[in-house]
Amino acid sequence: MTPTPTPTDAGAPARRVSVVTGAGSGIGAATARALAAAGHHVVLTGRRAELLERVAKEIQAADGTAASGGSAEVYPLDITDAAAVRAFAEHVGPVDDLVNNAGGAVGAESVADADPADWRAMYEVNVLGTLRLTQALLPALEASGRGTVLVLSSTAAFTAYEGGGGYVAAKAGAHALAATLRLELCGRPVRVVEIAPGMVRTDEFAVNRFRGDEAKAAAVYQGVAEPLLAEDVADTVVWSLTRPPHVNVDLLVVRPRAQAAQHKIHREA
């Protein structure tokens with residue numbers, strides 16, 4: 001745990017505090033940078049401390065002064081570890097936003113050939129990890145009077161595809177979690193937002209899915225001139241979180257123009 005905050009100016013309004021999971025790379029890192037630039041104090045969590053530190057330093061370098069941009073602190077955290085999540089909740093203090101970004105896919109085997117351990121790993125991070133952290137931080141989010149739980153799901157949550165059974169099931173679980181929580185928190189000062197990205201090209205997602213096979217990972221985006229980037233999704237996160245507190249973005253689906261549906265993608269010859 002390495003705190004690297006930039007303090008708020010005396011007399012200035014308190015910065016909004018946003019916790020981002022999986023903040024060391026991809027959408028999580030882009031979201032942390034964008035929220036910091038919007039004036040939030042960002043708590044970066046994830047399993048790889050060195051990546052979190054790098055992103056925090058980038059945020060501080062871009063900030064320049066305490067009066068502009070945002071600030072950041074680092075807290076290495078495995079959201080599949082219940083005891084670690086409880087310790088984090090006790091440490092973090094006031095929280096306004098929780099961005100449940102940590103997730104990912106493992107493998108692309110058919111249902112007939114899939115390893116149940118891969119399905120379990122995806123469910124553990126995408127659903128149970130989100131559940132643990134949301135439960136742990138809900139008291140602080142409600143106490144803020146303007147809290148937001150944001151869940152990064154996927155268009156896979158709504159449309160199955162060959163080789164995607166485990167990931168589809170996990171993201172459908174994340175979608176169900178968000179929808180149910182929104183009903184259960186009705187009347188309390190906590191919004192529940194779900195953002196479901198389509199095709200997003202990041203440095204790690206497809207490579208991790210195909211167990212390091214960079215050729216298979218590259219084939220996912222072959223011929224797609226402009227897939228979404230992590231920064232595009234981060235932009236939708238910041239927009240959702242910066243609406244007035246009474247405005248809830250229930251579900252925002254964001255895809256590249258080339259992807260009309262999960263199975264309909266325009267690829268250049």
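Attention here is on the structure that accompanies the text. This structure is a prediction, so every number in the text was calculated from the model and none was measured.

Moving on, we come to the nonpolar core. By size, the foremost hydrophobic cluster in this structure holds 32 residues, and its most contacted members are Leu44, Val99, Leu150 and Ile195. Going through the elements one at a time, α1 (26–37), β2 (41–46), α2 (49–63), β3 (71–76), β5 (147–152), β6 (190–197), α8 (230–241) and β9 (251–254) are the ones with two or more residues in this core. Sequence-distant contacts of Leu150, defined by excluding residues within four places in its chain, comprise Leu98, Val99, Asn100, Val193, Ile195, Val237, Ser240 and Leu241.

Below, the discussion takes up the environment of Val247. Among the secondary structure elements, Val247 is positioned in the loop between α8 and β9. Residues Val247 and Arg191 lie 56 residues apart in sequence; the distance between their C-alpha atoms is 8.2 Å.

This model, assessed by the stated rule, comprises nine salt bridges. In the salt-bridge network here, residues are joined through shared partners; they are Glu109, Asp118 and Arg211.

Right, let's talk about the side chain of Thr202 for a bit. Along the polypeptide, Thr202 turns up in the loop between β7 (200–201) and α6 (205–209). Of note is the side chain of Thr202, whose polar atom sits 3.3 Å from the backbone nitrogen of Phe205. Residue contacts for Thr202: discarding those within four places in its chain leaves Gly26, Ile27, Tyr221 and Ala230.

What counts as what
- Along each chain, the written sequence defines residue order, and numbers are assigned to residues from 1.
- Whole-chain, interface and lining totals are the exception, using all residues; otherwise, since this is a predicted model, local features are given only for residues with pLDDT of at least 70 and side-chain atom pairs are given and counted only at 80 or more.
- Based on all heavy atoms of the structure, the side-chain values leave hydrogens and waters out of the count.
- Working definition of a nonpolar core: buried Ala, Val, Leu, Ile, Met, Phe, Trp, Tyr and Cys residues. They are joined through side-chain atoms within 4.5 Å.
- Accessibility here uses a 1.4 Å probe with only protein chains present; expressed as a share of the type maximum, an area under 20% marks a residue as buried, one over 50% as exposed, and anything in between as partly exposed.
- For the purposes of this entry, the term helix denotes a DSSP run of H or I that reaches at least four residues, the term strand denotes a run of E that reaches at least two, and both are numbered from the N terminus.
- Whether two residues are in contact is decided by their heavy atoms, any of which lying within 4.5 Å being enough.
- Salt bridges are defined by distance alone: a side-chain nitrogen of Lys or Arg within 4 Å of a carboxyl oxygen of Asp or Glu.
- Identification of polar contacts relies on pairs of N or O atoms within 3.5 Å, with a donor-acceptor requirement for protein atoms, meaning one able to donate a hydrogen and the other able to accept it, and with residues adjacent in sequence counted only if both atoms are side-chain atoms.

Keep in mind that these numbers describe shape and distance, not what the molecule does.
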